[in-house]
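Overview (structure and organization)
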Amino acid sequence: MNSESNSLDHQLLVLLHAVREQGQTGSARADLNELLRQNTAARAAMARLLVEEQALIHCLREASILSLLAPVAQPSVTKSLRAQRWFLRRPFTTAAAGLLFGMFCTSMVFGYVINREAVRKMPLAIFDQGLESVAQLDKGMPHGPGQWGVQSARIVSAENGVQPLQGQSMLRMDQVLMNQDDENLSSKAYQVLDLHPLPASTVAGAMEAQVTASFCAPKSEMKARYLIRAVALNEPPATATENFWSKAEDAGVVSLTQRFETEAGDSDWHTFSVKMPLPHGAQSLVIILAATSPKDKTKPAAVRYLDDVQVSILTSPSLQP
Amino acid sequence: MAPTIEDTRFIAALSRHQPALEAFCHAQLGHRQDAQEALQATCVKLWEKSADWDPNTEFLPWAFAVARYTVLSFLRDRMRERLIFDDDVVQAMAEETEAAAEQFEDRREALGSCMQKLQPEQRDLLQEHYITGRSVKELASATGRSESAVKMILLRLREQLSACIERQLRIVP
């Protein structure tokens with residue numbers, strides 16, 4: 001969306017809100033209807049915004065039903081995500097939840113279950129995906145789940161003309177240029193994720209892990225190079241990062257590395273994504289996000305930024321065993 | 001009487017597309033309760049006309065056509081005080097609404113990811129406003145903020161989520 005459509009969205013949301021608050025008595029209703037009569041783009045935007053509103057109601061309603069069915073669930077991000085997975089995997093309880101929607105016949109309730117089974121993407125709980133936490137970051141590989149580990153990186157707010165993609169903060173990745181005889185080091189961020197909440201049958205089936213992250217480089221004469229790596233391990237997160245690099249090189253470990261590049265002078269945020277099949281019995285997923293250093297050691301060190309990291313488990317009828 | 005194969009196929013298609021139909025009704029009427037009433041009326045109408053649907057054709061375009069008719073009937077019968085859009089605007093928006101509602105499932109999925117980025121108090125505010133139905137005035141009183149501050153927070157949250165949905169949809173799955 002460009003700034004023009006953002007401004008139209010804003011105008012429509014303000015008018016819609018005013019109509020709902022004022023009812024028929026205010027002038028907002030006439031203004032809104034007149035705008036929609038005259039402007040095709042406004043009609044399309046209004047339709048989209050209201051469909052998104054319905055999606056919002058849908059998501060909030062699901063969360064509300066979950067809290068009724070699982071009163072012990074706390075409102076933390078992690079727990080709500082786990083509850084969401086739980087919701088997807090228990091059709092009978094889901095059917096009970098469907099009853100709360102006031103569907104008009106039992107077939108509708110059954111149908112709701114069918115619909116939930118078609119969900120293709122299950123977000124995995126990732127600690128501080130927006131890199132907003134002011135807590136100390138682990139140096140190097142993190143010792144367990146629920147924390148970021150970094151190498152030559154720190155959390156900052158807007159700087160160098162770069163605004164965080166979301167929220168107030170982002171990760172600044174300082175590239176490390178070593179001496180002539182040493183290899184350059186990349187700035188990295190690591191996190192280990194617990195796959196244990198996934199039902200064993202799910203992990204054993206045909207599933208993929210998708211890692212998505214957004215990177216940005218301030219205006220520079222150099223190309224920016226990034227790397228996303230995912231490593232699935234058959235051991236719990238508490239021990240997954242012990243001797244990690246030797247395990248990661250093991251031929252039996254499923255691992256995927258993908259490199260990305262943006263042009264010199266490009267200072268926009270870019271979102272990159274990798275997908276990797278999850279092997280049978282995987283208990284942990286280690287993700288590594290890096291801004292790689294230039295091979296040419298005469299180039300000056302550059303700064304890159306990382307924000308909005310997401311991990312999902314993908315499943316679809318075509319992926320089912 | 002046991003349902004026929006045709007009944008089963010119809011019910012499966014209706015169940016699968018019911019969220020998109022609800023989104024269509026919501027986008028045509030702009031009001032949650034009205035949308036739910038219109039959806040129920042649409043489902044009843046679809047069931048009555050189920051014999052007209054050819055299972056070898058797409059369900060949603062046929063269902064949207066029935067929903068359009070039902071929404072217009074609903075508007076004619078409804079007391080005027082709660083309506084957001086005039087009849088002619090509803091009709092003018094119908095095509096755009098169908099196009100948007102067809103994408104409902106993709107947008108809902110994207111929104112699911114976007115909502116994880118919200119703070120718990122932001123989610124609570126949305127929950128209170130959109131599900132519990134508390135007005136801006138009530139929320140302002142409950143949270144000790146001014147009405148304009150609550151209105152602005154809700155507006156920014158909607159814009160933030162909308163931008164996030166667009167970003168999510170650009171990511172190749």
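All of these numbers come straight from a predicted model, not from anything done at the bench.

Observations concerning the overall build of chain A
Within chain A, the secondary structure is distributed over 9 helices and 12 strands. Counting over 321 residues, chain A shows a buried share of 51%. Expressed as a percentage of contacts within chain A between residues at least 6 apart in sequence, the contacts between residues at least 24 apart total 75%. Total accessible area on chain A stands at roughly 14700 Å², and carbon and sulfur atoms take up 52% of it.

Some details on the interface of chain B and chain A
Each side of the interface is counted separately: chain B has 67 residues, and chain A has 64 residues. Counting the surface lost from both chain B and chain A, the interface buries some 6000 Å², and carbon and sulfur atoms represent 60% of this. In terms of surface lost to chain A, no three residues of chain B exceed R108, Q116 and R158 of chain B, which account for 11% of the buried area on that side. Applying the counting criterion to the chain B and chain A interface returns 8 salt bridges. Where R158 of chain B meets E53 of chain A, a salt bridge forms, and the shortest distance between an N and an O atom there is 2.7 Å. Seen at the junction of chain B and chain A, the total is 19 residue pairs in polar contact (both at pLDDT 80 or more).

Comments concerning the sheet that holds strand β9 (residues 254–262) of chain A
Residues and elements named next belong to chain A. The strand order across the open sheet built from 6 strands is β2-β3-β6-β11-β8-β9, with neighbouring strands paired in mixed fashion. Of all the strands in the sheet, just β2 (138–139) and β9 have a single pairing partner and so form its edges. Direction of pairing for strand β6 (residues 187–194) relative to strand β11 (residues 284–291): antiparallel, over a ladder of 8 bridges. Among the inter-strand pairings, L193 is bridged to a residue of β11, identified as L285.

Description of the confidence of the model for chain A
Residues and elements named next belong to chain A. With 67% of its residues at a pLDDT of 70 or more, chain A has an overall mean of 72. Looking across chain A, the model is least confident in helix α4 (residues 77–89), with a mean pLDDT of 30, and most confident in helix α2 (residues 28–38), with 93. Confidence drops under a pLDDT of 50 for residues 69–119, and excluding neighbours within four residues, the segment shows 79 contacts in the predicted structure. Here residues 317–321 is modelled with pLDDT under 50, and outside its nearest four sequence neighbours on either side it reaches 7 contacts, counting other chains as well.

Cut-offs applied
- Residues numbered from 1 in each chain as written.
- Chains lettered and ligands numbered in written order.
- Predicted model: local features only at pLDDT ≥ 70, side-chain atom pairs only at ≥ 80, totals over all residues.
- Heavy atoms only, no water.
- Helix = DSSP H or I, 4+ residues; strand = E, 2+ residues; numbered from the N terminus.
- Buried < 20%, exposed > 50% of the residue type's maximum accessible area, 1.4 Å probe, protein only.
- Contact = heavy atoms within 4.5 Å.
- Areas by Shrake-Rupley, 256 points an atom, 1.4 Å probe, with all protein chains shown as cover.
- Buried area = accessible area lost by both parts, 1.4 Å probe.
- Salt bridge = Lys/Arg side-chain N within 4 Å of Asp/Glu carboxyl O.
- Polar contact = N/O pair within 3.5 Å; in protein donor to acceptor, adjacent residues only side chain to side chain.
- Pairing = 2+ DSSP bridges.
- pLDDT = per-residue confidence, 0-100.

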